[in-house]
Amino acid sequence: MRQQETFAIARMDGPAAAQVEDAFRLIYAEAFAESPYNETEDDVAAAFRRFPAQARKHTFRAALARTDDGEPVGMAYGFLLDPDTGWWEELTEPVSDDLRREDGLRTFGLMELAVRGPWRGQGIARRLHETLLDSMEAERVLLNVHPGGKAASAAYRAWGYRKIGEARPWGTGEDLHDVMILDLH
């Protein structure tokens, strides 16, 4: 682990995030290459083929952590789920109609949250999460987390998330992910 450093965390909209896509890609590629994710260069490329369309959504918001010298160390991003989101269709077991109801304002989908290995354990993930959700008017946050990501799962539970089911994100892959929700209001 690196010595305690100071960080700046900036919240940004889609156009601002698109301008620094390389920083998001660097953090993602490094963090998700590790077990249990084991993402390859092809997996990273697939995730970042989606990123420009996600960043163009008017409800997209992101948070990026950098060291004082500008090195990217952590990121988080997501957007409000559309009324016709496919997220609920990926669950292995159906949930109630009330839980799955979306109106374009109700649920913020947290797509990614990651901190590069050398900077973990310094509270950066929590600060990214707080920055991303600051002034959020949505009722709740929804995310998928790999159950093998013990630290991530534990952090989400500590922040108030609860598991509501399991899914295969993007409808593919062998690994089931835990679907977790955080009530904001």
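Structure first, text after, so check above.
First, a word on scope: everything that follows refers to the structure included in this document. What you see is a predicted model, and the numbers here were worked out from it, not measured in a lab.

Calculation notes
Residues numbered from 1 in each chain as written. Predicted model: local features only at pLDDT ≥ 70, side-chain atom pairs only at ≥ 80, totals over all residues. Heavy atoms only, no water. Pairing = 2+ DSSP bridges. Helix = DSSP H or I, 4+ residues; strand = E, 2+ residues; numbered from the N terminus. Axes fitted to C-alpha atoms, helices over the stretch in contact; angles between N-to-C directions. Contact = heavy atoms within 4.5 Å. Buried < 20%, exposed > 50% of the residue type's maximum accessible area, 1.4 Å probe, protein only. Arc of directions from axis to C-beta. Phe/Tyr/Trp six-rings, centres within 6.5 Å; stacked < 30°, edge-to-face > 60°. Lys, Arg positive; Asp, Glu negative; His and termini not counted. Salt bridge = Lys/Arg side-chain N within 4 Å of Asp/Glu carboxyl O. Polar contact = N/O pair within 3.5 Å; in protein donor to acceptor, adjacent residues only side chain to side chain. Expected span 1.5 Å × (residues − 1).

Here the focus is the sheet that holds strand β5 (residues 140-145). Reading across from one edge, β1-β2-β3-β4-β5-β7-β6 is the order of the seven strands in this open sheet, with mixed pairing throughout. This sheet does not close on itself; its edge strands, each paired only once, are β1 (7-13) and β6 (162-167). Strand-to-strand twist across the sheet, computed as the mean angle between neighbouring axes with direction ignored, equals 25°. Bridge analysis of strand β3 (residues 72-80) against strand β4 (residues 107-115) gives seven bridges, and the strand direction is antiparallel. For leucine 80, the partnering residue across the bridge sits in β4 and is phenylalanine 108. The strands touched by helix α2 (residues 21-32) are β1, β2 (61-67), β3 and β4; relative to β3, the strand with the most contacts, the crossing angle is about 105°. Those strands touched by helix α6 (residues 150-158) are β4, β5 and β7 (177-183), and its axis lies near 165° from that of β5.

The next subject is helix α5 (residues 124-133). Within α5 the residues assigned to the buried category are Ile124, Leu128, His129, Leu132 and Leu133. All buried residues of α5 fall inside an arc of 155° around its axis, so they share one side. Of the surrounding elements, those touching the buried residues of α5 are β1, β2, β3, β4, β5 and β7. Looking one or two residues beyond α5, the residue adopting positive phi is serine 135, at roughly 65°.

So, on to the packing of aromatic side chains. By the definition in use, this model includes 11 aromatic pairs. Seen in terms of ring centroids, tyrosine 28 and phenylalanine 32 are 4.7 Å apart; in terms of plane orientation they differ by 50°. Their pairing is tilted. Taken together, the positions of tyrosine 28 and phenylalanine 32, both in helix α2 and four residues apart, correspond to about one turn of that helix. As far as the burial class goes, tyrosine 28 and phenylalanine 32 line up, both buried. One aromatic cluster is present, formed by Phe24, Tyr28, Phe32, Tyr37, Phe48, Phe51, Phe60 and Tyr77 through successive ring pairs.

A separate point is the side chain of glutamate 112. Counting through the fold element by element, glutamate 112 comes out in strand β4. Lacking a salt bridge, the buried glutamate 112 has arginine 50 as its closest oppositely charged neighbour, with an N-O distance of 5.6 Å. Not counting chain neighbours up to four residues away, the residues in contact with glutamate 112 comprise Tyr28, Phe32, Met75, Ala76 and Tyr77.

The topology assignment puts glutamate 102 in the loop between α4 (97-100) and β4. Judged by its relative accessible area of 9%, glutamate 102 falls in the buried class. Of note is the side chain of glutamate 102, whose polar atom sits 2.8 Å from the side chain of threonine 107. If near-sequence neighbours (up to four positions away) are discounted, glutamate 102 is found in contact with Leu81, Asp82, Pro83, Thr85, Trp88, Thr107 and Arg140.

Quick look at α2 now. Each α-helix winds once per 3.6 residues, and so residues spaced three or four apart point in a common direction. Relative to the 16 Å expected for 12 residues at 1.5 Å per residue, α2 spans 16 Å between its end C-alpha atoms, a close match to the ideal helical length. Residues of α2 that are buried: Glu21, Ala23, Phe24, Ile27, Tyr28, Ala31 and Phe32. Projected down its long axis, α2 carries its buried residues within an arc of 160°, all on one side. Buried residues along α2 sit against β1, α1 (14-19), α3 (41-56), β2, β3 and β4.

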